[in-house]
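If you want the building blocks of each chain, they are given just below.
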Amino acid sequence: MLPYKFISESRVGELLEWEPVVDAVEHALKSVSTGCAFQSPRVKIVLPESNLLYSTPGYLKDDKYGALASRVMTKFPSNRRLQPPRSALNANISLMDESTGVVKAIIQGNELTDWRTAAVSVVATKHLHKEKPKEILAIIGAGIQGRIHAIAFQTCFKFREVRIWNRTGKRAVDLARKLNHELKTDAFVSCETVSDCVKNADVIVTAAMAKEMLVKHEMVKKGAHINAISVNPSGTDLDEETYRISKVFCDHWTGVEHELQHIIAFGAKFVGQVGDVIAGSVQAPGAGETSIFQSLGMAVEDCALARLIYDLDQIVK
Ligand SMILES: NC(=O)C1=CN([C@@H]2O[C@H](COP(=O)(O)OP(=O)(O)OC[C@H]3O[C@@H](n4cnc5c(N)ncnc54)[C@H](O)[C@@H]3O)[C@@H](O)[C@H]2O)C=CC1
Ligand SMILES: O=C(O)C1=NCCCC1
């Protein structure tokens with residue numbers, strides 16, 4: 001018998017639904033603005049062959065989603081070439097008892113990472129693109145994050161059209177077909193060029209981790225909202241001018257200081273954390289203002305989800 005609960009990926013998949021996940025990450029995002037988030041900059045270790053190990057410990061003080069947790073994640077890009085292929089990112093979360101610090105659960109963390117990242121983009125869009133059109137969504141990159149963002153956004157907002165572009169076009173075609181089938185809709189379409197995908201889109205998600213800047217400012221509709229979720233220290237999916245002409249928001253200031261200096265060097269001005277807008281201390285972008293949410297991911301998001309999963313595991317049989 002293990003001295004802690006083990007919660008597997010398949011169990012996490014059974015437990016999660018969008019409404020509670022979005023609520024949990026909304027609490028986590030707000031916590032950075034209200035003094036309820038305790039977290040350090042992400043530790044990143046570069047391993048041989050450019051593989052990575054990330055560590056993100058944190059404590060979220062919150063009645064509903066409060067938790068003391070630490071996530072360890074590895075990124076081994078060559079996993080995609082294994083037979084059968086494996087995810088490049090692999091995460092596990094230790095959830096500790098808040099009064100003793102003793103581990104009470106180990107949660108496999110890939111589903112958790114996928115759901116929480118897409119839910120964070122949903123919350124950013126809700127608050128930064130409030131009362132603005134949500135007819136056309138463009139998704140750049142049809143990988144794990146592209147797929148989960150497509151599902152989350154369609155579940156939470158119901159866009160009329162969801163366009164998907166991918167470097168290898170067949171992946172975008174296949175994903176659109178699969179999602180139409182799974183979600184019983186015809187809203188998903190694939191696009192052959194980034195420009196066709198982004199043109200006139202109200203909301204854009206970039207999850208391609210491209211070496212070149214894929215989205216150029218002239219492609220982006222004035223007043224659109226962009227969720228830039230790729231974490232890439234050497235590049236961005238958006239061009240420099242898109243950053244300069246937009247109001248740019250982050251998840252947490254510490255992350256900006258430690259990981260986003262290359263974007264500040266473009267002349268981008270970060271105007272606040274999404275949590276500041278939720279808490280009412282920073283204004284949301286006005287009509288006609290283009291906005292970017294530069295997502296890094298942070299420990300308190302993992303805390304909120306770990307708590308939600310742990311609590312659901314106790315009650316859902
Ligand atoms: N902000 C956050 O909290 C999180 C961010 N991420 C980041 O999101 C990004 C996507 O992650 P996943 O979907 O898991 O990866 P993935 O490998 O499943 O998908 C990446 C997609 O980008 C495309 N791509 C790769 N290189 C490209 C290039 N040079 N040009 C154009 N397209 C290219 C691939 O075809 C693939 O469809 C990564 O940068 C990852 O680090 C992932 C999880 C959380
Ligand atoms: O989930 C996170 O947080 C990630 N951080 C850095 C790299 C991609 C995922």
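Residues numbered from 1 in each chain as written. Chains lettered and ligands numbered in written order. Predicted model: local features only at pLDDT ≥ 70, side-chain atom pairs only at ≥ 80, totals over all residues. Heavy atoms only, no water.

Draft legend 1. Structural context of the site of ligand 1. Surveying the vicinity of ligand 1 reveals 23 residues, the closest of which are Arg80, Ile144, Gln145, Asn166 and Ser295. One nitrogen or oxygen atom from the side chain of Ser295 is found 3.0 Å from a nitrogen atom belonging to ligand 1. Coverage of ligand 1 by the protein chains reaches 89% of its 850 Å² of free accessible surface. Broken down by secondary-structure element, the contributors of at least two residues to the shell around ligand 1 are α3 (110-128) and α4 (144-156). Here the shell around ligand 1 is built from residues that sort into 10 nonpolar, seven polar and six charged. (Near = heavy atom within 4 Å. Polar contact = N/O pair within 3.5 Å; in protein donor to acceptor, adjacent residues only side chain to side chain. Areas by Shrake-Rupley, 256 points an atom, 1.4 Å probe, with all protein chains shown as cover. Helix = DSSP H or I, 4+ residues; strand = E, 2+ residues; numbered from the N terminus. Nonpolar A, V, L, I, M, F, W, Y, C, P; charged D, E, K, R; others polar.)

Draft legend 2. Focus on the nonpolar core. Counting residues in hydrophobic clusters, the biggest one holds 63 residues, and the most contacted among them are Phe153 and Ile309. Structurally, this core is a two-domain feature, drawing no fewer than three residues from each of domain 1 (5-112 + 300-315) and domain 2 (131-298). Setting aside its immediate chain neighbours within four residues, Ile309 contacts Ile7, Val12, Leu15, Leu16, Ile107 and Leu112. By size, the runner-up hydrophobic cluster in this structure holds 30 residues, among which are Ala210, Leu260, Phe266 and Ile292. (Core = buried A, V, L, I, M, F, W, Y, C linked by side-chain atoms within 4.5 Å. Buried < 20%, exposed > 50% of the residue type's maximum accessible area, 1.4 Å probe, protein only. Domains from an automatic or database assignment. Contact = heavy atoms within 4.5 Å.)

Draft legend 3. Local environment of the pattern of salt bridges. Per the stated rule, a full pass over the model turns up 19 salt bridges. Between Arg11 and Glu14 there is a salt bridge whose closest N-O contact spans 2.8 Å. Here the residue Arg11 and the residue Glu14 both occupy positions in helix α1 (residues 9-15), the gap between them amounting to three residues, near one helical turn. Put simply, Glu240 and Arg244 hold a salt bridge, and the shortest N to O gap is 3.6 Å. Here Arg244 and Glu240 lie together in helix α7 (residues 240-245), a separation of four residues that amounts to about one turn. With a relative accessible area of 32%, Glu240 lands in the partly exposed category. Given the relative accessible area of 40%, Arg244 is considered partly exposed. A single network of salt bridges, built from pairs that share partners, joins Lys5, Arg11, Glu14 and Asp313. (Salt bridge = Lys/Arg side-chain N within 4 Å of Asp/Glu carboxyl O.)

Draft legend 4. Structural detail: α4. Look at α4: 18 Å from first C-alpha to last across 13 residues, which is about the 18 Å you get at 1.5 Å a residue. Along α4, the residues that are buried comprise Gln145, Gly146, Ile148, His149, Ala150, Ile151, Ala152, Phe153 and Gln154. Backbone geometry just downstream of α4 places Lys158 in the positive-phi region, at approximately 55°. (Expected span 1.5 Å × (residues − 1).)

Draft legend 5. Inspection of the confidence of the model for the protein at higher detail. Per-residue confidence for the protein gives a mean pLDDT of 97, with 100% of residues at or over 70. If you check the scores for this complex, the pTM reads 0.97 and the ipTM reads 0.97. (pLDDT = per-residue confidence, 0-100.)

Draft legend 6. Geometry of the site of ligand 2. Around ligand 2 lies a shell formed by Arg42, Tyr54, Arg71, Met73, Thr113, Arg116, Val231, Leu296 and Gly297. Arg42 is positioned with one of its side-chain polar atoms (N or O) 2.8 Å from a nitrogen atom of ligand 2. Out of a free accessible area of 260 Å², ligand 2 has 91% covered by protein chains. Sorting the residues of the shell around ligand 2 by element identifies β5 (67-75) and α3 as the ones contributing at least two each.

Draft legend 7. Looking closely at a nonpolar patch on the surface. Where nonpolar side chains cluster on the molecular surface, the patch consists of Leu2, Tyr4 and Phe6 and spans about 280 Å² of accessible area. Here Tyr4 lies in the segment before β1 (5-7). (Patch = residues over 30% accessible without salt bridge, like charges linked within 9 Å, V, L, I, M, F, W, Y side chains within 5 Å.)

Draft legend 8. Just the domain arrangement of the protein, in detail. Taken domain by domain, the protein holds domain 1 (5-112 + 300-315) and domain 2 (131-298). Averaged C-alpha coordinates put domain 1 and domain 2 at centres separated by 23 Å. Domain 1 puts 17 residues into the contact, and the matching count from domain 2 is 24 residues. Across the domain 1 to domain 2 interface the summed buried area is about 1700 Å²; carbon plus sulfur atoms make up 63%. Looking at the side of domain 1 facing domain 2, the largest losses of area belong to Trp18, Leu29 and Arg42, adding up to 35% of the total buried there. Here domain 1 is connected to domain 2 by one salt bridge. Residues Glu259 and Arg42 are paired through a salt bridge, measuring 3.1 Å at the closest nitrogen-oxygen approach. (Buried area = accessible area lost by both parts, 1.4 Å probe.)

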